[in-house]
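So the chains spell out like this:
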Amino acid sequence: MSNNRTVTLDEFIIRRQKDFSFASGELTGLLRDIGVAAKIVNREVNKAGLLNILGVADKSNATGDEVQKLDLYANQKLIDCLKNSGECCGIASEENEDFIPINSVADKSSKYVVVFDPLDGSSNIDVNVSVGTIFGIYRRVSDANSPCNLDDFLQKGTKLVAAGYVLYGTSTLLVYTTGRGVNGFTLDPTIGEFCLSHQDIQIPERGNYYSVNQGYYLKFDVEMRRYIDYCSDMNYRLRYIGSMVSDIHRILFQGGIFLYPNTRKYPQGKLRLVYECNPLSFIVEQAGGRSISSQLERIMDLDVKHLHQRATIAIGSPAMVDEMKAFVERYSALPTFGK
Ligand code: AHG
Ligand code: MN
Ligand code: MN
């Protein structure tokens, strides 16, 4: 592929179609639908800052309400885009209690289901800080001639056929993988297209950043506290945006580790396995990184029992995740006395 000219997301997806194990236009179409939804959400996210400025003057338009509306707006846009084309047979979203089966369009029965977090880090919107969208695509396991069912969504991360995120940051970027490396596309607002900007992304072996809500330090297990002390002793820089897409995006490019361990408030962790942890783990692993739980299991190997299941996570540069693992193993082997 030539580096000298612009390659759009659509063009790239079509060229890569032959790489898929079950080559069909369906997955290609799905990724394109998500790209279209991302552009629509991007337009609204960009306007939200303006709406919030106006909202401060008019107390009846509460900022919190706008943020909530944008969560739902993003959710609805993704659902609409995916429903219209009929390229998938079902959707599960962080914003919906249950999955949504999709009727076939023009007698076309689809083999895929899509899971997503429509707006990640949405508490950042009213202060004009980056947010994201996270998605994952599975091949259905249910009978192709019947509506999709829960089993289609409760698949391990290792069964993902594609995953990606959109970062609505200083520029808007779409990063995705179909299991053959990771590529990133920057939205060129002048032509309204995502253009290939980051080819074959590789996460650095290690880096200088750690990302964790250190405000919860006293609520973490002792092993995790010792590891965080170590990061601080090593003068790693602490960066925590409160939108895991943004935090993991930094780590993907500059190296580091992102942690959301169990706390007293969230004994199983806070982040959602289906909508957040698995898709981002697939991307990070494809870029050469690692992703494990606080119990040191590989995230993508975890059993998925509920749509909204939570998980703990340590994700990022391979050498740093391994180091964290060694810390936890060493400190949890010590006698409990004095912990
Ligand atoms: P969402 O906005 O989709 O609910 O996700 C927010 C998540 C994640 O993106 C972020 O890293 C984390 O929640 C922040 O949680 P804390 O405020 O507890 O640190
Ligand atoms: Mn989220
Ligand atoms: Mn969300």
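Quick caveat: nothing in here was measured; it's all calculated off a predicted structure.

### Re the overall build of the protein chain
Looking only at helices and strands, the protein chain has eight helices and 15 strands in total. The proportion of buried residues among the 339 residues of the protein chain is 54%. Partitioning the contacts of the protein chain with sequence separation of at least 6, the portion at a separation of at least 24 is 65%. Put simply, the protein chain shows about 15100 Å² of open surface, and 48% of that area lies on carbon and sulfur atoms.

### A few points about the coordination of the manganese ion (ligand 3)
Within the protein, the manganese ion (ligand 3) binds to Glu 94 (OE), Asp 117 (OD) and Leu 119 (O); these donor distances fall in the range 2.2 to 2.4 Å. Each donor residue of the manganese ion (ligand 3) lies on the same chain, and together they follow the pattern E-x22-D-x1-L.

### Concerning the nonpolar core
Core analysis: the largest hydrophobic core is formed by 44 residues, its most contacted members being Tyr 165, Val 175, Leu 252, Phe 258, Leu 280, Ile 283 and Ile 313. Where this core is concerned, the elements lending two or more residues are strand 3 (112–120), strand 4 (131–139), strand 5 (160–168), strand 6 (172–177), helix 6 (244–254), strand 11 (256–260), helix 7 (273–286) and strand 15 (313–316). A domain split of this core shows at least three residues from each of domain 1 (9–198) and domain 2 (209–331). If we skip the residues at most four places from it in the chain, Leu 280 touches Ile 134, Tyr 165, Met 244, Ile 248 and Ile 315. Judged by nonpolar contacts, the second largest core, of 40 residues, contains Leu 30, Ala 37, Val 114 and Ile 137.

### Thoughts on the packing of aromatic side chains
With the rule as written, the count across this model stands at eleven aromatic pairs. Here Tyr 240 and Phe 258 contribute two aromatic rings whose centre-to-centre distance is 6.3 Å and whose plane-to-plane angle is 20 degrees, an arrangement assigned as stacked. Of this pair, Tyr 240 sits in the loop between strand 10 (237–238) and helix 6 while Phe 258 sits in strand 11, placing them 18 residues apart in sequence. By the ring-pair criterion, three or more aromatic residues cluster together here, those being Tyr 227, Tyr 230, Tyr 236, Phe 327 and Tyr 331. When the ring centre of Tyr 209 is taken as reference, the NZ or CZ atom of Arg 250 above it lies at 5.4 Å. Against the face of Phe 327 rests Arg 330, its NZ or CZ located 5.0 Å from the ring centre.

### Here's the deal with the layout of surface pockets
Roughly 350 Å³ of internal volume is contained in the largest pocket. Asp 120, Gly 121, Gly 242, Lys 270 and Arg 272 are, among the 23 residues lining the largest pocket, the residues nearest its centre. Elements that contribute at least two residues to the lining of the largest pocket include exactly strand 3, helix 6, strand 11 and strand 12 (271–272). Residues belonging to the lining of the largest pocket are distributed by class as follows: seven nonpolar, six polar and ten charged.

### Points about the coordination of the manganese ion (ligand 2)
Taken together, Asp 117 (OD), Asp 120 (OD) and Glu 276 (OE) make up the full set of protein donors to the manganese ion (ligand 2), lying 1.9 to 2.1 Å away. Taken in sequence order, the residues that donate to the manganese ion (ligand 2) follow the motif D-x2-D-x155-E. Distance-wise, the manganese ion (ligand 3) is placed 3.7 Å from the manganese ion (ligand 2), both being coordinated by Asp 117. Of this pair, Asp 120 sits in strand 3 while Glu 276 is found in helix 7, placing the two residues 156 residues apart along the sequence. Of the residues examined, Asp 120 reaches a relative accessible area of 5% and is grouped as buried. With a relative accessible area of 1%, Glu 276 lands in the buried category.

### Comments concerning the confidence of the model for the protein chain
Where the model shows low pLDDT, its predicted coordinates should not be examined in detail. Confidence along the protein chain averages 89 in pLDDT terms, with 89% of residues attaining 70 or more. Every residue in residues 53–67 scores below 50 in pLDDT, and together they form nine contacts with partners more than four places removed in sequence or on other chains.

### What to know about the pattern of salt bridges
Tallying each qualifying case throughout the model produces 16 salt bridges. A salt bridge links Glu 94 to Arg 272; its shortest N-O distance comes to 3.5 Å. Of this pair, Glu 94 sits in the loop between strand 1 (90–93) and strand 2 (100–101) while Arg 272 sits in strand 12, and the two are 178 residues apart along the sequence. Note on accessibility: Glu 94 and Arg 272 belong to one class, buried. Put simply, Arg 272 and Glu 276 hold a salt bridge, and the shortest N to O gap is 3.2 Å.

### Notes on the site of ligand 1
As a matter of local geometry, ligand 1 sits amid 18 residues, with Asp 120, Gly 121, Tyr 216, Tyr 240 and Tyr 260 nearest to it. Between an oxygen atom of ligand 1 and a side-chain N or O atom of Glu 94, the distance comes to 3.3 Å. Interatomic distance of 3.3 Å between a backbone N/O atom of Leu 119 and an oxygen atom of ligand 1. Going through the elements one at a time, strand 3, strand 11 and strand 12 are the ones with two or more residues in the shell around ligand 1. Ranked by residue count, the leading element in the shell around ligand 1 is strand 3, at three residues. Each of domain 1 (9–198) and domain 2 (209–331) gives at least three residues to the shell around ligand 1.

Rules behind the numbers
Residues numbered from 1 in each chain as written. Chains lettered and ligands numbered in written order. Predicted model: local features only at pLDDT ≥ 70, side-chain atom pairs only at ≥ 80, totals over all residues. Heavy atoms only, no water. Helix = DSSP H or I, 4+ residues; strand = E, 2+ residues; numbered from the N terminus. Buried < 20%, exposed > 50% of the residue type's maximum accessible area, 1.4 Å probe, protein only. Contact = heavy atoms within 4.5 Å. Areas by Shrake-Rupley, 256 points an atom, 1.4 Å probe, with all protein chains shown as cover. Donors = N, O, S within 2.8 Å, 3.2 Å for Na, K, Ca; no water. Core = buried A, V, L, I, M, F, W, Y, C linked by side-chain atoms within 4.5 Å. Domains from an automatic or database assignment. Phe/Tyr/Trp six-rings, centres within 6.5 Å; stacked < 30°, edge-to-face > 60°. Lys NZ or Arg CZ within 6 Å of the ring centre and 35° of its normal. 1 Å grid on protein atoms, 1.4 Å probe; cavity = no way out; pocket = protein on both sides within 12 Å on 5 of 7 lines; lining within 4 Å. Points joined across faces, edges and corners; volume = space filled by probe spheres on them. Nonpolar A, V, L, I, M, F, W, Y, C, P; charged D, E, K, R; others polar. pLDDT = per-residue confidence, 0-100. Salt bridge = Lys/Arg side-chain N within 4 Å of Asp/Glu carboxyl O. Near = heavy atom within 4 Å. Polar contact = N/O pair within 3.5 Å; in protein donor to acceptor, adjacent residues only side chain to side chain.

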